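# Understanding the architecture of this molecule
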Amino acid sequence: MTANLEVRDGVGTILLDRPPMNALDVATQDRLRELAEEATRREDVRAVVLYGGEKVFAAGADIKEMQAMDHPAMVVRSKALQDSFTAVARIPKPVVAAVTGYALGGGCELALCADFRIAADNAKLGQPEILLGLIPGAGGTQRLSRLIGPSRAKDLIFTGRHVRAGEALTIGLVDRVVPAAEVYEQAHAWAAALAKGPALALRAAKESIDAGLETDIDTGLTIERNWFAGLFATEDRERGMRSFVEEGPGKAKFL
């Protein structure tokens, strides 16, 4: 297996396992889609961590494999590539990337599919595809520009330069920088805390934000309104409000 799903305390860790650099070949891409779909289905998975191990998150695509592909082959493969990453981005549960070492090319694009990114203090991120005469093909031109803005995204994509953890934090490419030895545990703790929350409300929040960013504000407000009203039909809403009235804020325990 090039990746697997491990579950603990309501958190499913999607662990890349293709040493030495977790190069994202076709088999790994397809496996990521399978694991994202599994994490979506499983009720015991309430939040997700994306992790490549202690040394490296993912150093990019398998260049030797790609070099053998011609234009017709990549026309077919590029859709499957994007579908794999989109499956991760659309997991309807909180997702955090635990970024160690290199997250370059497809590795950076995979981290962009998470809702939150915790990076090691020695991490390096970037989109170096331009140095191969290419552009990002797994969502980088779209997700990166939405996350850090078009000018900063163009800087990284046009130059192909690597960004160290400190700069990545400054420009919003990552959300927290921690010592390398603490990356996974902090990511798991973030996910585990949310795994105890109201699953449907978290799904509603994620889908409202993500879908709203892709449309005009009036449509986004409609999406929010429909989810907001719909949550009044859930047991979690009843439990949360009852706990607030009887015990005070922040003490509700959700199933």
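Residues numbered from 1 in each chain as written. Predicted model: local features only at pLDDT ≥ 70, side-chain atom pairs only at ≥ 80, totals over all residues. Heavy atoms only, no water.

### A look at the overall build of the protein chain
Counting secondary structure elements, the protein chain contains 11 helices and nine strands. Along the first, second and third principal axes, the C-alpha set of the protein chain runs to 60 × 40 × 35 Å. Across the 255 residues of the protein chain, 44% fall into the buried class. Long-range pairs, those at least 24 residues apart, make up 68% of the contacts in the protein chain between residues at least 6 apart in sequence. (Helix = DSSP H or I, 4+ residues; strand = E, 2+ residues; numbered from the N terminus. Buried < 20%, exposed > 50% of the residue type's maximum accessible area, 1.4 Å probe, protein only. Contact = heavy atoms within 4.5 Å.)

### Some words on the packing of helix α1 (residues 26-41) against helix α3 (residues 71-89)
Between α1 and α3, the shortest axis-to-axis distance is 8 Å and the interhelical angle comes to 35°. Between α1 and α3 lies a crossing of left-handed hand. Facing Val26, Gln29, Asp30, Leu32, Arg33 and Ala36 of α1, the residues of α3 in contact are Arg77, Leu81, Asp83, Ser84, Ala87 and Val88. Its residues assigned to classes, the contact of α1 with α3 shows six nonpolar, two polar and four charged. (Axes fitted to C-alpha atoms, helices over the stretch in contact; angles between N-to-C directions. Left-handed = near helix turned anticlockwise from the far one by under 90°. Nonpolar A, V, L, I, M, F, W, Y, C, P; charged D, E, K, R; others polar.)

### Some details on the state of the cysteines
Going through the model one piece at a time under the given rule, you end up with zero disulfides. Cys108 forms no disulfide, and the closest cysteine sulfur to it belongs to Cys113, at a distance of 10 Å. Under the relative-accessibility criterion, Cys113 is labelled buried at 3%. (Disulfide = S-S within 2.5 Å.)

### Structural notes on the packing of aromatic side chains
Evaluated as defined, the whole model comprises three aromatic pairs. Between the aromatic rings of Phe116 and Trp190, the centroid separation amounts to 5.0 Å while the plane-to-plane angle is 5°, which identifies the pairing as stacked. Taken together, the residues span a long stretch of sequence, with Phe116 in strand β6 (residues 116-120) and Trp190 in helix α8 (residues 183-195) at a distance of 74 residues. Their ring planes at 70° and their centres at 5.5 Å tell us that Phe228 and Phe232 sit as a pair that is edge-to-face. With relative accessibility at 55%, the residue Phe228 sits in the exposed group. Overall, the relative accessible area of 37% leaves Phe232 in the partly exposed class. (Phe/Tyr/Trp six-rings, centres within 6.5 Å; stacked < 30°, edge-to-face > 60°.)

### Considering a nonpolar patch on the surface
Together, Ile63, Leu132 and Leu134 give the surface a local cluster of nonpolar side chains, amounting to about 260 Å² of exposed area. For Leu134, the location among the structural elements is in the loop between β7 (124-126) and α5 (140-148). (Patch = residues over 30% accessible without salt bridge, like charges linked within 9 Å, V, L, I, M, F, W, Y side chains within 5 Å. Areas by Shrake-Rupley, 256 points an atom, 1.4 Å probe, with all protein chains shown as cover. Salt bridge = Lys/Arg side-chain N within 4 Å of Asp/Glu carboxyl O.)

### Remarks on the sheet that holds strand β9 (residues 176-178)
As summarised here, the arrangement of the six strands in space is β1-β2-β3-β4-β6-β9, forming an open sheet in which the pairing is mixed. On the outer flanks of this sheet lie β1 (3-8) and β9, each paired with one strand and no other. With strand direction ignored, the average angle separating the axes of adjacent strands in the sheet is 20°. The sheet contact formed by strand β4 (residues 95-99) and β6 spans four bridges and is parallel. Looking at the pairing, Val99 lines up with Ala119 of β6. (Pairing = 2+ DSSP bridges.)

### Quick look at the nonpolar core
Membership of the largest hydrophobic core comes to 61 residues, with the highest contact counts inside it found for Val49, Leu50, Phe57, Val99, Leu125 and Leu173. Tallying contributions element by element places α8 first for this core, with six residues. Residues within four places of Leu50 in sequence aside, it is in contact with Ile14, Phe57, Val88, Val95, Val96, Ala97, Ala98, Leu110 and Ala114. (Core = buried A, V, L, I, M, F, W, Y, C linked by side-chain atoms within 4.5 Å.)

### Looking at the packing of α5 against helix α6 (residues 150-159)
The relative placement of two packed helices comes down to the angle between their axes together with the axis-to-axis distance. In the contact formed by α5 and α6, the axes pass within 7 Å of each other and the chain directions differ by 135°. As judged from the angle between their axes, α5 and α6 are oblique. For the crossing formed where α5 meets α6, the hand is right-handed. Only Pro150, Arg152, Ala153, Leu156 and Ile157 of α6 make contact with α5, whose side of the interface consists of Gly140, Thr141, Leu144, Ser145 and Ile148. Taken together, the residues of the contact of α5 with α6 sort by class into six nonpolar, three polar and one charged. (Parallel < 35°, antiparallel > 145°, perpendicular 65-115°, else oblique.)

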